[in-house]
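Chain by chain, the residues run as shown.
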Amino acid sequence: MGRKRTRHIIILRGLPGSGKTARASEIVEMYGSGEAFSTDDYFRVNGKMVGFHKRDLHNAHVWNRNRVLQAIRRKVHPIVIDNTNLRKWEMWPYVRMAFRRGYWIEFEDIPVIPLEILDRWCPEIPMEKLERMSEGYEPVKKIWDVLFDYESRGKWMPSSERLLNHW
């Protein structure tokens with residue numbers, strides 16, 4: 001019989017402006033413990049987005065994955081991932097590092113909000129980008145949909161980041 005997974009990681013999925021950050025706060029409050037992690041935090045100062053540059057996005061994602069890995073090592077419960085997570089390869093590192101360290105992994109899709117509304121709520125993101133993101137959504141029911149995804153494994157298994165951090 002396998003080990004019991006008592007700590008949780010919850011991966012929120014949704015377009016920008018759909019309410020992921022509010023939901024992440026609700027989850028942490030509901031549990032009375034835990035931490036939420038967003039790549040957007042890399043660009044925040046005193047809770048406000050400042051200095052977002054697309055060229056820094058890769059570094060922001062690496063930074064966020066490292067923070068999550070440290071939280072997993074500290075056995076934080078629950079951990080909430082507050083990124084768009086629309087494609088399997090985007091979630092793969094979080095799923096892999098959490099699964100290998102005994103976490104129960106849940107996916108939570110944020111209800112779909114019409115793109116016209118998101119376009120008004122997030123004027124800094126062009127409508128064309130929102131449309132591409134929406135079209136790129138990949139359904140996920142179980143962790144195996146992510147862990148055994150061919151594209152994700154091909155992208156991440158040989159990565160120096162994965163090898164360095166043992167996830």
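Our subject in this report is the structure included herewith. Remember, it's a predicted structure, so these values are computed and weren't measured experimentally.

Taken together, Glu116, Glu128, Glu131 and Glu135 make up a surface patch of like negative charges. No other element matches the three residues that helix H5 (residues 127-135) contributes to the negative patch. Within the secondary structure layout, Glu135 lies in helix H5. On the basis of relative accessibility, which here comes to 67%, the residue Glu135 falls in the exposed class.

In this section: unusual backbone geometry. Pro78 follows His77 through a cis peptide bond whose omega is -10°. Topologically, Pro78 is positioned in the loop between helix H2 (57-73) and strand S5 (79-82). With phi around 65°, Lys75 is a residue other than glycine that occupies positive phi space. Relative to the elements of secondary structure, Lys75 occurs in the loop between H2 and S5. The exposure class assigned to Lys75 is exposed, which follows from its relative accessible area of 52%.

Attention now moves to the packing of aromatic side chains. According to the stated counting rule, one finds six aromatic pairs in the structure shown. Arranged with centres 5.1 Å apart and planes meeting at 80°, the rings of Tyr42 and Phe43 form a pair that is edge-to-face. For Tyr42, a relative accessible area of 33% translates into the label partly exposed. The class of Phe43 is buried, set by a relative accessible area of 4%.

Below, the discussion takes up the sheet that holds strand S1 (residues 7-13). Within the open sheet, the four strands sit side by side as S2-S5-S1-S6. Their pairing is parallel. Unpaired on one side and paired on the other, strand S2 (35-37) and strand S6 (103-109) mark the two borders of the sheet. Direction aside, the axes of adjacent strands within the sheet are offset by 20° on average. Helix-sheet contacts for helix H3 (residues 88-100) involve S1, S5 and S6, and the interaxial angle to S6 is about 150°.

So, on to the pattern of salt bridges. In the structure shown here, the tally under the stated rule is nine salt bridges. With a closest N to O distance of 2.5 Å, Glu108 and Arg23 form a salt bridge. Taken together, the positions of Glu108 in strand S6 and Arg23 in helix H1 (residues 20-31) put the pair 85 residues apart, joining distant regions of the chain. For Arg87, the salt bridge is made with Glu151, and the minimal N-O distance between the two is 3.4 Å. Residue Arg87 is located in the loop between S5 and H3, and its partner Glu151 is located in helix H7 (residues 150-156); the two are separated by 64 residues in the primary sequence. The exposure class assigned to Arg87 is partly exposed, which follows from its relative accessible area of 28%. Among the ionic contacts, a cluster of salt bridges with common partners joins Arg23, Glu26 and Glu108.

What follows covers the pairing of S1. S1 sits mainly inside the fold: six of its seven residues count as buried. Sheet analysis places S1 next to S6, joined by seven bridges and oriented parallel. Counted as the bridge partner of Ile10 is Glu106 from S6.

Time to look at the nonpolar core. With 25 residues, the main nonpolar core has Ile9, Ile11, Val68, Ile79, Val95, Ile105 and Phe107 as its most contacted residues. For this core, the secondary structure elements donating two or more residues are S1, H2, S5, H3, S6 and helix H6 (143-147). Residue contributions to this core peak at six residues, all from H3. Ignoring sequence-local partners within four residues, the contact set of Ile9 consists of Val68, Ile79, Ile81, Tyr94, Ala98, Tyr103, Trp104, Ile105 and Glu106. With 10 residues, the next largest nonpolar core counts Leu86, Leu118, Cys122 and Leu130 among its residues.

Rules of the game
One numbering rule holds for all chains: residues counted from 1, following each sequence as written. Where local features are concerned, this predicted model is filtered to residues with pLDDT of at least 70; where side-chain atom pairs are given and counted, the filter is 80 or more; whole-chain, interface and lining totals use all residues. Side-chain numbers come from the whole structure's heavy atoms, not from hydrogens or water. Nonpolar side chains (Val, Leu, Ile, Met, Phe, Trp, Tyr) are joined into patches within 5 Å and like charges within 9 Å, using only residues with over 30% relative accessible area and no salt bridge. For the area figures, the Shrake-Rupley method with a 1.4 Å probe applies, and any residue is considered shielded solely by the protein chains shown. Salt bridge, as used here: a side-chain nitrogen of Lys or Arg that lies within 4 Å of a carboxyl oxygen of Asp or Glu. Counting rule for charge: Lys and Arg are taken as positive, Asp and Glu as negative, and neither His nor the chain ends is counted. In this description, the location of a charge corresponds to atom NZ of lysine, CZ of arginine, CG of aspartate or CD of glutamate. We count a stretch as a helix when DSSP gives it H or I for four or more residues in a row; a strand needs E for two or more, and each element gets its number in order from the N terminus. Only protein chains enter the accessibility calculation, which uses a 1.4 Å probe. A residue is then buried if its area is under 20% of the maximum for its type, exposed if over 50%, and partly exposed in between. Aromatic rings from Phe, Tyr and Trp, taking only the six-membered ring of Trp, are treated as a pair when their centres fall within 6.5 Å; an angle between ring planes under 30 degrees marks them as stacked, one over 60 as edge-to-face, and anything in between as tilted. When DSSP finds two or more bridges between a pair of strands, those strands are recorded as paired. Axis definition: a line fitted to C-alpha atoms, limited for helices to the stretch in contact. Angles are taken between N-to-C directions and run from 0 to 180 degrees. Contact between two residues is taken to exist if any of their heavy atoms lie within 4.5 Å; hydrogens are not considered. As used in this record, nonpolar core signifies buried Ala, Val, Leu, Ile, Met, Phe, Trp, Tyr and Cys residues forming a set joined through side-chain atoms within 4.5 Å.

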